[in-house]
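Single-letter residue listing:
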Amino acid sequence: MTQEEKDRIVIPDENGDEHLFDELFKFTVDETGKSYILVTPVGEEADEDEEVEVFAFRYEDRDDEENDIALFPIETDAEWEIVEEMLNTFSEEDQ
């Protein structure tokens, strides 16, 4: 069984240290036009008994800048509900 190659993204923390993440998936909500990305830290593999930490961000494409996307924190409960619903759907399909 071969593992498919995942896109990777580097995200700096509040101290400026860079951390590497695997992209789980991206999606756009048609009603709002907002796009979201879900990532997991590189090196964290899911065991049957353990859950992998998942991080979610709202993002905007930035074609004309050094970084190709800009990440923003998810701030509203409504946005979190959408992200959780998509993650649950993704997790069910992955099983």
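Residues numbered from 1 in each chain as written. Predicted model: local features only at pLDDT ≥ 70, side-chain atom pairs only at ≥ 80, totals over all residues. Heavy atoms only, no water.

**A short note on the overall build of the protein**
(1) Moving on: Helices and strands together make up the secondary structure of the protein, namely one helix and five strands.
(2) Moving on: Ordered by position in the sequence, the α and β elements of the protein form the string β-β-β-β-β-α.
(3) Moving on: For the protein, the residues scored as buried account for 25% of the 95 residues in total.
(4) Moving on: Put simply, of all contacts in the protein between residues at least 6 apart along the chain, 26% involve residues at least 24 apart.
(5) Moving on: Just so you have it, the protein exposes about 7,700 Å², and 40% of that area is on carbon and sulfur atoms. (Helix = DSSP H or I, 4+ residues; strand = E, 2+ residues; numbered from the N terminus. Buried < 20%, exposed > 50% of the residue type's maximum accessible area, 1.4 Å probe, protein only. Contact = heavy atoms within 4.5 Å. Areas by Shrake-Rupley, 256 points an atom, 1.4 Å probe, with all protein chains shown as cover.)

**Focus: the sheet that holds strand 2 (residues 18-28)**
(1) Moving on: Read across the open sheet, the five strands follow the order 1-2-3-4-5; overall the sheet is antiparallel. Both outer strands of the open sheet, strand 1 (8-12) and strand 5 (69-72), are each paired with one neighbouring strand and no more. Across the sheet, the axes of successive neighbouring strands diverge by a mean angle of 45°, strand direction being ignored.
(2) Moving on: Pairing of strand 4 (residues 55-61) with strand 5 involves four bridges; the strand directions are antiparallel. Looking at strand 5, one finds that Glu-60 is bridged to Ala-70. (Pairing = 2+ DSSP bridges. Axes fitted to C-alpha atoms, helices over the stretch in contact; angles between N-to-C directions.)

**What to know about the confidence of the model for the protein**
In low-pLDDT regions, the fine details of the predicted coordinates are not to be read closely.
(1) Moving on: Looking at the protein as a whole, the pLDDT averages 84, with 82% of positions reaching at least 70.
(2) Moving on: The least confident element of the protein, judged by mean pLDDT, is helix 1 (residues 77-94) at 88; the most confident is strand 3 (residues 35-41) at 95. (pLDDT = per-residue confidence, 0-100.)

**Considerations on the pattern of salt bridges**
Side-chain pairs of opposite charge can arise whenever the charged atoms involved come near each other.
(1) Moving on: Evaluation of the coordinates by the stated rule reveals four salt bridges.
(2) Moving on: With its nearest N and O atoms 3.0 Å apart, the salt bridge here joins Arg-62 to Glu-60.
(3) Moving on: A relative accessible area of 24% means that Arg-62 is categorised as partly exposed.
(4) Moving on: Residue Glu-60 is classed as partly exposed on the basis of its relative accessible area of 33%.
(5) Moving on: What emerges from the salt-bridge pattern is a single network uniting Arg-58, Glu-60 and Arg-62. (Salt bridge = Lys/Arg side-chain N within 4 Å of Asp/Glu carboxyl O.)

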